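Chain by chain, the residues:
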Amino acid sequence: MRHTEFWSRMDAALGPAYARAWAEQFVIGDLGGRTATEALAAGEPPKQVWAAVWRALGLPASER
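Residues numbered from 1 in each chain as written. Predicted model: local features only at pLDDT ≥ 70, side-chain atom pairs only at ≥ 80, totals over all residues. Heavy atoms only, no water.

Examining the overall build of the protein chain
So, step 1. Counting its regular elements, the protein chain contains four helices and two strands.
So, step 2. Going residue by residue from the N terminus, the α and β elements of the protein chain occur as α-α-β-β-α-α.
So, step 3. What you see for the protein chain is a C-alpha radius of gyration of 10 Å, in line with the 11 Å of a compact globule of 64 residues.
So, step 4. With respect to the principal axes defined by its C-alpha atoms, the protein chain has extents near 25 × 25 × 20 Å.
So, step 5. Put simply, the protein chain has 64 residues, and 30% of those count as buried.
So, step 6. For the protein chain, the proportion of contacts with a sequence separation of at least 24, taken over those separated by at least 6, is 42%.
So, step 7. When the accessible surface of the protein chain is totalled, it reaches about 3900 Å², and 51% of it is carbon and sulfur.
So, step 8. Taking the average place of the 7 positive charges on the side chains of the protein chain and the average place of its 7 negative ones, the gap between the two points comes to 7 Å. (Helix = DSSP H or I, 4+ residues; strand = E, 2+ residues; numbered from the N terminus. Rg over C-alpha atoms; globule rule 2.2 N^0.38 Å. Buried < 20%, exposed > 50% of the residue type's maximum accessible area, 1.4 Å probe, protein only. Contact = heavy atoms within 4.5 Å. Areas by Shrake-Rupley, 256 points an atom, 1.4 Å probe, with all protein chains shown as cover. Lys, Arg positive; Asp, Glu negative; His and termini not counted. Charge placed at Lys NZ, Arg CZ, Asp CG, Glu CD.)

Following this line, the structure appears as structure tokens:
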């Protein structure tokens, strides 16, 4: 997964107006107590970050 696909999925899940703010503010335990934005900046693969976001949001399996 590329960063563009990650952000596209975030926009679809949360809406384009809220996705970036959520990714910058919501701390996820599965990411080592970091936000999605921090994890991506630290070099975590977007696919792993998306999996953590997916679990945190409780999204349906179809969005995995």
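Moving on, there is more to tell.
A few points about the packing of helix H1 (residues 3-14) against helix H4 (residues 46-57)
So, step 1. Interaxial distance between H1 and H4 falls to 9 Å at its minimum, and their mutual angle equals 15°. The orientation of H1 relative to H4 falls into the category roughly parallel. For the crossing formed where H1 meets H4, the hand is left-handed. Listed contacts from H4 to His3, Phe6, Arg9, Met10, Ala13 and Leu14 of H1 are Pro46, Val49, Trp50, Val53 and Leu57. (Axes fitted to C-alpha atoms, helices over the stretch in contact; angles between N-to-C directions. Parallel < 35°, antiparallel > 145°, perpendicular 65-115°, else oblique. Left-handed = near helix turned anticlockwise from the far one by under 90°.)

Describing the packing of aromatic side chains
So, step 1. The tally for this structure, following the rule as stated, stands at three aromatic pairs.
So, step 2. Ring centres of Phe6 and Trp7 lie 5.0 Å apart, and the angle between their planes is 85°; on these two criteria the pair is classed as edge-to-face. The pair Phe6 / Trp7 is uniform in exposure class, with both members buried.
So, step 3. Here the aromatic rings of Phe6 and Trp50 are separated by 6.2 Å at their centres, their planes lie at 80°, and the arrangement is edge-to-face. One end of the pair, Phe6, is in helix H1; the other, Trp50, is in helix H4, and 44 residues separate them in sequence.
So, step 4. Members of the aromatic cluster, each reached through a chain of ring pairs, are Phe6, Trp7 and Trp50. (Phe/Tyr/Trp six-rings, centres within 6.5 Å; stacked < 30°, edge-to-face > 60°.)

Don't take any of this as a statement about function, it's just geometry.
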